[in-house]
Amino acid sequence: MNGWVIASWPSPQGDEYALAFDRSRTARLLVLSPLFDEANKTRHFIVEVMRRLDNAGIDCFLPDLPGCNESLAPLESQTLMGWLQAAAAAAKHFGATHVLAMRGGALVAPPLPGWRYAAQSGPSLMRALLRARMIASREAGTEETTEQLLAMARQNGIELAGYRLGPTLINEIMAVHLPDRLTEIAQADVGGGGLWLRAEPAFDAAQADALTAIIAKGLQA
Amino acid sequence: MNDASAHELSEAASQTDATLRQVLADVLGLSQDRVDDFTTETGLFGYLPELDSMAVAGLLTEIEDRLDIVIDDDEVDGEMLETFGALLAFCKAKIQG
């Protein structure tokens, strides 16, 4: 038996998918992936971590937030507040007891105990996306500064790394604080280089083992 | 400059070299051996197809974090990103202020 299913859950904007390992166990972990480009780079890693959590006796759920991954909702109309509500709805639907939020996923973590892995602040997330756009534009012979781009984005929204982001989302990301209630797992605790940094998506079994061990130990405590 | 401060400077320079190689290993998914073989002439942006604008943005942000420097928009150009040597020289100059 595989153990996983593609489950459906009711987000406030309509039904969305989630990857679920559910054997009705006591420990039930909501997993929030990084946002935007980093979500693609870490998907394989996250799924491998979830397989290991399942083997360690932990149910886990990876929801597609509206506008993300397989969701049919338009990304451009999404807001951080909307994602917070959606993540909370997913947590409620699956009966999550804890949360593991990776990178920018920590910005939309519902009020559950748990962990944030290499959490990325909103301004840092925007800085990387704006910088990518600036470098691509410069290569194409157009001069744009990240300051100009951000000012424009705050007013009218912007397309960054192929993601069309609305102005409300941009302003919320620039203003939000990382949740202190979650225990930070630093990349040094997991070992090796962060997989979201990789130019090509990659997987690392040792890192997946290490992250799973930290969560499993924390849930036993 | 006395010997002690010259020694400190060269220690800092070799630390910068090692950090930069490590960040490149993390971004490119290369082994330590492979990045240890990088020379000042090793080509980066424009030579390695996997190093696209998003990867370069991640690379620069990671360099900022690990070397505790801030890289301004107008400092980012093709020349600075072209080779390992150019990027290393840029980082060393940044650290020394």
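Residue indices begin from 1 for each chain and proceed along its sequence in written order. Lettering for chains starts from A, numbering for ligands starts from 1, and both go in the order in which the items are written. Given that the model is predicted, a residue must reach a pLDDT of at least 70 before its local features are reported, and side-chain atom pairs must reach 80 or more before they are shown or counted; all residues, however, enter totals for whole chains, interfaces and linings.

1. Describing the overall build of chain A
Stage number 1. Along chain A, the regular secondary structure elements total seven helices and nine strands.
Stage number 2. A compact globule built from 221 residues would reach a C-alpha radius of gyration of about 17 Å, and chain A, at 17 Å, matches this within 12%.
Stage number 3. Counting only C-alpha atoms and orienting by the principal axes, one finds that chain A spans roughly 55 × 40 × 30 Å.
Stage number 4. Looking at the 221 residues of chain A, the share that counts as buried comes to 47%.
Stage number 5. We call two residues in contact whenever the C-beta atoms placed from their backbones are within 7 Å. Long-range contacts, defined here as pairs at least 24 residues apart, represent 65% of the contacts in chain A between residues at least 6 apart. Under the scheme used here, helices are H or I runs from DSSP no shorter than 4 residues and strands are E runs no shorter than 2 residues, and both carry numbers assigned from the N terminus. For the radius of gyration, the atom set is restricted to C-alpha positions; the globular benchmark scales as 2.2 Å times the number of residues to the power 0.38. Backbone-placed C-beta atoms define the burial measure: a residue is buried with 20 or more other C-beta atoms within 10 Å of its own, exposed with 12 or fewer, and partly exposed in between.

2. Here's the deal with the interface of chain A and chain B
Stage number 1. The interface of chain A with chain B comprises 19 residues on the first partner and 19 residues on the second.
Stage number 2. Sort the elements by how many residues they give to the side of chain A that touches chain B and helix α3 (residues 122-139) of chain A lands first, with eight residues.
Stage number 3. Residues of the side of chain A that touches chain B, tallied by class, amount to nine nonpolar, four polar and six charged. Charged means Asp, Glu, Lys or Arg here, nonpolar means Ala, Val, Leu, Ile, Met, Phe, Trp, Tyr, Cys or Pro, and polar covers whatever is left, Gly included.

3. Concerning the nonpolar core
Considering soluble globular proteins, one finds that nonpolar side chains tend to be buried as a cluster.
Residues and elements named next belong to chain A.
Stage number 1. Judged by nonpolar contacts, the single largest core of 89 residues is most densely connected at L29, L30, V31 and F61.
Stage number 2. It is α3 that contributes the most residues to this core, eight residues altogether.
Stage number 3. Here this core spans two domains, and each of domain 1 (4-121 + 179-220) and domain 2 (122-176) adds at least three residues to it.
Stage number 4. Not counting residues up to four positions away in its chain, the partners in contact with V31 are I46, M50, C60, F61, L62 and L100. One nonpolar core equals one set of buried Ala, Val, Leu, Ile, Met, Phe, Trp, Tyr and Cys residues connected by C-beta atoms within 7 Å. Those domain boundaries reflect an automatic or database domain assignment.

4. Concerning helix α1 (residues 3-28) of chain B
Stage number 1. Expected helix span is taken as 1.5 Å per residue step, with the number of steps being one fewer than the number of residues. Taking 1.5 Å as the rise per residue, α1 of chain B with 26 residues should run 38 Å; its terminal C-alpha atoms sit 37 Å apart, in good agreement.
Stage number 2. Among all positions of α1 of chain B, only T16, L20, V23, L24, A25, D26, V27 and L28 of chain B are buried.

5. Describing the pairing of strand β2 (residues 14-21) of chain A
Residue and element names in this part refer to chain A.
Stage number 1. Think of it this way: DSSP has to see at least two bridges between two strands before they count as a pair. Pairing analysis gives eight bridges linking strand β1 (residues 4-11) to β2, with the strands arranged antiparallel. What sits directly across from P10, in β2, is D15.
Stage number 2. What sits between the antiparallel neighbours β1 and β2 is a turn of two residues.
Stage number 3. Where β2 lies against strand β4 (residues 59-63), four bridges are found, and the strand directions are antiparallel. Looking at the pairing, F21 lines up with C60 of β4.

6. Here we look at the environment of P63 of chain A
Residue and element names in this part refer to chain A.
Stage number 1. Within the secondary structure, P63 is located in strand β4.
Stage number 2. With 28 C-beta atoms packed within 10 Å, P63 lands in the buried category.
Stage number 3. With 97 residues separating them along the chain, P63 and L160 place their C-alpha atoms 23 Å apart.
Stage number 4. Not counting residues up to four positions away in its chain, the partners in contact with P63 are W9, E16, A18, A87 and A90.

7. Observations regarding the packing of α1 of chain B against helix α5 (residues 84-96) of chain B
Residues and elements named next belong to chain B.
Stage number 1. It is at 10 Å that the axes of α1 and α5 come closest, and there the two elements cross at 130°. Between α1 and α5, the angle falls in the class oblique. α5 is crossed by α1, and the crossing has right-handed handedness. Between α1 and α5, the residues in contact are A12, A13, T16, D17 and L20 and L87, L88, C91, K92 and I95, respectively.
Stage number 2. Tallied by class, residues from the contact of α1 with α5 come to seven nonpolar, one polar and two charged. In this description, a line fitted to the C-alpha atoms serves as the axis of each element, helices being fitted only across the stretch in contact, and the angle between N-to-C directions of two axes falls anywhere from 0 to 180 degrees. In these notes the angle categories are as follows: under 35 degrees is roughly parallel, over 145 is roughly antiparallel, 65 to 115 is roughly perpendicular, and the rest is oblique. A clockwise turn of the near helix away from the far one marks a right-handed crossing, whereas an anticlockwise turn of less than a right angle marks a left-handed crossing.

8. Observations regarding the environment of D15 of chain A
Residue and element names in this part refer to chain A.
Stage number 1. With respect to the helices, strands and loops of the structure, D15 is situated in strand β2.
Stage number 2. C-alpha of D15 to C-alpha of G104: the two residues are 89 residues apart in sequence and 23 Å apart in space.
Stage number 3. In this view, D15 contacts S8, W9 and P10; residues no more than four positions away in its chain are not counted.

9. Re the confidence of the model for chain B
Low-pLDDT portions of the prediction should not be read for the details of their coordinates.
Residues and elements named next belong to chain B.
Stage number 1. pLDDT is defined as a per-residue confidence score from the predictor, taking values between 0 and 100. For chain B, per-residue confidence averages 90 on the pLDDT scale, and residues scoring 70 or more make up 99% of the total.
Stage number 2. For chain B, α1 is the element with the lowest average pLDDT, namely 88, and α5 is the one with the highest, namely 95.
Stage number 3. Prediction confidence for the complex, expressed as pTM and ipTM, is 0.92 and 0.83 respectively.

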